Amino acid sequence: MARILIAGAGVGGLAAAHRLRLHLPQSDQIVVFDQNSMHTFWPSLLWVMTGTRQADQVQRSLTTLKERNITVVHAPITALDPTGKTVVTEDARWTGDALIIALGAVLDPSAIPGLVDEPGNFYTLAGAEAVWDQLQTMGQGRVVVLISRTPFKCPAAPYEAAMLIDGALRKRRRRDRVTVEVWAAEPAPMGVAGPAVSGAVIDALEERNIAYHPQQVVSQVNASDRRLTFQDGTAVSYDLLAYVPPHRVPTVVEAADLAPADGWVSVDRHTMETRFENVFAIGDVTGIPLALGKPLPKAGVFAHRQGEVVADIVARRITGRNNGSTFDGVGECFIEMGRGIAGFARGNFYAEPAPAIHAYKSGRHWHAGKVAFERHWWAQWW
Ligand SMILES: Cc1cc2nc3c(=O)[nH]c(=O)nc-3n(C[C@H](O)[C@H](O)[C@H](O)COP(=O)(O)OP(=O)(O)OC[C@H]3O[C@@H](n4cnc5c(N)ncnc54)[C@H](O)[C@@H]3O)c2cc1C
């Protein structure tokens, strides 16, 4: 009997677990570990933030995995041992034939003085709800969408957030009394996707009268005065702060010597195998350098495909069946623009010398596509 351990039941971990269950005999054990009992579909947080989704619409219990003969361990992982392919929780130690690390990125607002005092971290469910609480009563003032540090997951999300906030304020007929701005610790939106995609996002912000301030790295947040201070000394006041916090590698991954404290897990970019045989890492926990000198963006679309690729490889090594597969860097992304409109971009991020990404004309059909994908996400596994 083989046993595969999957650390993390987010996007990548779930994709790997379900694909492995298709490949492996029922007698082989697939064990998924997560500190949370619920799976959250993160893209829908942008709709929580603007009032079109409630908390119970964006989460499902992980216990349903048991119906598919996938073992779920609901506990924080306290240690990983890649040499022994071992996962340690407070009261158990599990060893497997292969280990798939899909622990994502830790959100760390405490890395910036004062940021934890602000509730609007819309990369969490509570933060998205807090933004909506403020937004629906806001009569006038200044909304700042802040990208505090790079890298961050879903390069489109903060720009989508600004455009969705714009749309929500227009719907409430408050937009003429509220300014919306993006302050970003990066030189351009979605820079890895190339100048055409970046330019299209900047144009979309301009069309909506959303001011964009790139290359502004926040150094301090004063929540009582509602003021941001940036590294170049610029000070900006706000009435509502919606922010992307700094991201870092999970402590257990760093402690296992799989990544440096200020970095991410290195993997073979096609097989996702780490330097330890039969130990794989997928999704946001990884750092994959691209030819243009920037890393592959952290995104669910990549975590999902990498999870399936790793499942194919592991199953092939165990059963000798299926042709295996490789991760080719292809991905796509919907870009919500508010008021029922979205854009869409797709391409090969492994293309050299630079990713070859095509941005499609925005329209209502892409928004419908994003809604349909959300429905599909739940229907396929729940
Ligand atoms: C607001 C928002 C919008 C987004 N929109 C999109 C989008 O439109 N398209 C897209 O492609 N991507 C999008 N993303 C990004 C996408 O959600 C992530 O890239 C994706 O979830 C990464 O998958 P993962 O499996 O690597 O990590 P995650 O999905 O974050 O899963 C990691 C799991 O590991 C668990 N874990 C971590 N540490 C421990 C521990 N010590 N013990 C036990 N369990 C642990 C966590 O609880 C979590 O369940 C969005 C993200 C956000 C926040």
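Fair warning: this is a prediction, and the values are worked out from it, not measured in the lab.

1. Describing the domain arrangement of the chain
(1) Moving on: In terms of domain boundaries, the chain breaks down into domain 1 (3–50 + 59–105 + 249–319) and domain 2 (107–246 + 330–381).
(2) Moving on: The straight-line distance from the C-alpha centre of domain 1 to that of domain 2 is 27 Å.
(3) Moving on: In this complex, domain 1 contributes 36 residues to the contact, which on the side of domain 2 involves 41 residues.
(4) Moving on: Interface area for domain 1 against domain 2, summed over the two sides, is near 3600 Å², with a carbon-plus-sulfur share of 70%.
(5) Moving on: The largest contributions to the domain 1 side of the interface with domain 2 come from F41, W47 and M49, which together make up 20% of the buried area.
(6) Moving on: Where domain 1 meets domain 2, there are two salt bridges.
(7) Moving on: With its nearest N and O atoms 2.8 Å apart, the salt bridge here joins E332 to R305.
(8) Moving on: Between the two partners, domain 1 and domain 2, sit eight residue pairs in polar contact (both at pLDDT 80 or more).
(9) Moving on: Where the side of domain 1 that touches domain 2 is concerned, the elements lending two or more residues are helix 1 (11–23), helix 2 (45–49), strand 4 (59–61) and helix 7 (300–319).
(10) Moving on: When residues in the side of domain 1 that touches domain 2 are grouped by element, the largest group, five residues, is from helix 2.

2. As for the pairing of strand 21 (residues 341–348)
Here is the key point about a regular strand: its side chains alternate between the two faces of the sheet.
(1) Moving on: Relative to strand 21, strand 20 (residues 330–338) runs antiparallel, the two sharing eight bridges. Directly across from E336, in strand 21, lies its bridge partner A342.
(2) Moving on: Count of turn residues in the strand 20/strand 21 antiparallel hairpin: two residues, of which R339 carries a positive phi of about 50 degrees.
(3) Moving on: Two elements, strand 21 and strand 22 (residues 356–363), share six bridges in a ladder whose sense is antiparallel. By the bridge assignment for strand 22, G347 is matched with I357.

3. Comments concerning the side chain of K85
(1) Moving on: The residue K85 is located in the loop between strand 6 (77–81) and strand 7 (86–89) in this model.
(2) Moving on: Here K85 occupies a buried position and makes no salt bridge, while the nearest side chain of opposite charge, E277, is found at 6.7 Å.
(3) Moving on: Excluding its chain neighbours within four sequence positions, the residues that come into contact with K85 are L5, W94, T95, G96, D97, A98, L99, E277, N278 and V279.

4. So, the side chain of R53
(1) Moving on: Relative to the assigned elements, R53 resides in the loop between helix 2 and strand 4.
(2) Moving on: Within polar-contact distance, the side chain of R53 engages the side chain of E374 at 2.9 Å.
(3) Moving on: Once you skip the residues sitting within four places of it in the chain, R53 turns out to touch S44, W47, V48, V58, V371 and E374.

So, how was this worked out
Residues numbered from 1 in each chain as written. Predicted model: local features only at pLDDT ≥ 70, side-chain atom pairs only at ≥ 80, totals over all residues. Heavy atoms only, no water. Domains from an automatic or database assignment. Contact = heavy atoms within 4.5 Å. Buried area = accessible area lost by both parts, 1.4 Å probe. Salt bridge = Lys/Arg side-chain N within 4 Å of Asp/Glu carboxyl O. Polar contact = N/O pair within 3.5 Å; in protein donor to acceptor, adjacent residues only side chain to side chain. Helix = DSSP H or I, 4+ residues; strand = E, 2+ residues; numbered from the N terminus. Pairing = 2+ DSSP bridges. Buried < 20%, exposed > 50% of the residue type's maximum accessible area, 1.4 Å probe, protein only. Lys, Arg positive; Asp, Glu negative; His and termini not counted.

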